[in-house]
Amino acid sequence: MINISKELMLAMAEKKNAIAAKQDTTDIDIKLNALKDLKTKIIEFQTSGSGKKYDAVAELGILKSMIKQRQKSIEEYKKSSRNDLISKEDKEIKTLEKLLPELPNESTIGATYLEWRQSAVSSLEFPYITKKEMGNAIRTISEKFELVDKALVSKVVKEYVSE
């Protein structure tokens, strides 16, 4: 999970050094703005009283939501030819994307499936499984990767399902 306080401290130190070196701090200010906004969203989530636990999954949801919001803003700014605001939002997206955890891709999921399949008993030849066994494969892979996109896991596993 992200240590947002540490990220803010690093960005503030970066700004302090840039000021001392008499450099432009515009990009650092945009980075700080994105990090402060993230901290606000995290605090709002934790104090919302919704009863939802703040964990890596919730954090990923917040980050994805913030990125999506900025992408929508960019689309609106393009309609208005506001290149200055497009640039700002784009830099904020890059800051937030750097904080995203590395998620497993299709090849990693496929390799994990093959590992699972070697130990799984099936009436079909390796590497194929039946539709009934598909749920077990998806569940096992999803448990291994906490933040994995279950739709992606399902897509990869379906490639090995034999009718």
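A few points on the structure.

A look at the nonpolar core
Link 1 in the chain: Of all hydrophobic cores here, the largest spans 23 residues; its most connected members are L38, I62 and L96.
Link 2 in the chain: Every element with two or more residues in this core is listed here: α1 (4–20), α2 (26–46), α3 (56–79) and α4 (83–99).
Link 3 in the chain: A total of seven residues in this core trace back to one element, the largest contributor, which is α2.
Link 4 in the chain: Residue contacts for L38: discarding those within four places in its chain leaves I2, I4, I62, L63, M66, L96 and L99.

Things to note about α4
Link 1 in the chain: An ideal rise of 1.5 Å per residue puts 24 Å on 17 residues; α4 measures up with 25 Å between its terminal C-alpha atoms.
Link 2 in the chain: On its buried side, α4 packs onto α1, α2 and α3.

A few points about the packing of aromatic side chains
Pairs of aromatic rings are described using the distance from one ring centre to the other and the angle between the two planes.
Link 1 in the chain: For the structure shown, the criterion picks out three aromatic pairs.
Link 2 in the chain: Taking the centre distance of 5.8 Å and the plane angle of 40° together, the rings of Y113 and W116 count as tilted. With a gap of three residues between them, Y113 and W116 both fall in helix α5 (residues 106–119), about one helical turn apart.
Link 3 in the chain: Given a relative accessible area of 15%, W116 falls into the buried group.
Link 4 in the chain: Seen from their ring centres, Y113 and Y160 are 4.3 Å apart, and the 20° between their planes marks the pair as stacked.

Here we look at the layout of surface pockets
Link 1 in the chain: A volume near 200 Å³ is recorded for the largest pocket.
Link 2 in the chain: Considering the residues around the largest pocket, the lining is formed by E7, E14, D27, I28, I30, K31, L35, K91, K94, T95, K98 and L99.
Link 3 in the chain: Of all the secondary-structure elements, those providing two or more residues to the lining of the largest pocket are α1, α2 and α4.
Link 4 in the chain: When grouped by side-chain class, the residues that make up the lining of the largest pocket number four nonpolar, one polar and seven charged.

Section: the pattern of salt bridges
Link 1 in the chain: By the definition in use, this model includes 13 salt bridges.
Link 2 in the chain: Across the pair K15 and D29 runs a salt bridge, and its minimum N-O distance is 2.7 Å. You can see K15 sitting in helix α1 and its partner D29 sitting in helix α2, a full 14 residues away along the chain.
Link 3 in the chain: Of the residues examined, K15 reaches a relative accessible area of 25% and is grouped as partly exposed.
Link 4 in the chain: D29 sits in the partly exposed class, given a relative accessible area of 31%.
Link 5 in the chain: Ionic contacts of the salt-bridge type, sharing partners, join the residues D37, R70, K88, E89 and E92 into one network.

As for the environment of S48
Link 1 in the chain: Summarising the element assignment, S48 is placed in the loop between α2 and α3.
Link 2 in the chain: The exposure class of S48 is partly exposed, given its relative accessible area of 45%.
Link 3 in the chain: Put simply, S48 and A11 are 37 residues apart on the chain and 27 Å apart in space, counted from C-alpha to C-alpha.
Link 4 in the chain: Here F45 takes part through its backbone oxygen, which lies 3.1 Å from a polar atom of the side chain of S48.

Quick look at the environment of V148
Link 1 in the chain: Looking at the element boundaries, V148 is found in the loop between α6 (131–144) and α7 (150–158).
Link 2 in the chain: What makes V148 buried here is its relative accessible area of 8%.
Link 3 in the chain: Separated by 44 residues in the primary sequence, V148 and P104 place their C-alpha atoms 6.5 Å from one another.
Link 4 in the chain: Leave out the neighbours within four places in its chain, and V148 touches P104, I109, S142 and V153.

Cut-offs and rules
Residues numbered from 1 in each chain as written. Predicted model: local features only at pLDDT ≥ 70, side-chain atom pairs only at ≥ 80, totals over all residues. Heavy atoms only, no water. Core = buried A, V, L, I, M, F, W, Y, C linked by side-chain atoms within 4.5 Å. Buried < 20%, exposed > 50% of the residue type's maximum accessible area, 1.4 Å probe, protein only. Helix = DSSP H or I, 4+ residues; strand = E, 2+ residues; numbered from the N terminus. Contact = heavy atoms within 4.5 Å. Expected span 1.5 Å × (residues − 1). Phe/Tyr/Trp six-rings, centres within 6.5 Å; stacked < 30°, edge-to-face > 60°. 1 Å grid on protein atoms, 1.4 Å probe; cavity = no way out; pocket = protein on both sides within 12 Å on 5 of 7 lines; lining within 4 Å. Points joined across faces, edges and corners; volume = space filled by probe spheres on them. Nonpolar A, V, L, I, M, F, W, Y, C, P; charged D, E, K, R; others polar. Salt bridge = Lys/Arg side-chain N within 4 Å of Asp/Glu carboxyl O. Polar contact = N/O pair within 3.5 Å; in protein donor to acceptor, adjacent residues only side chain to side chain.

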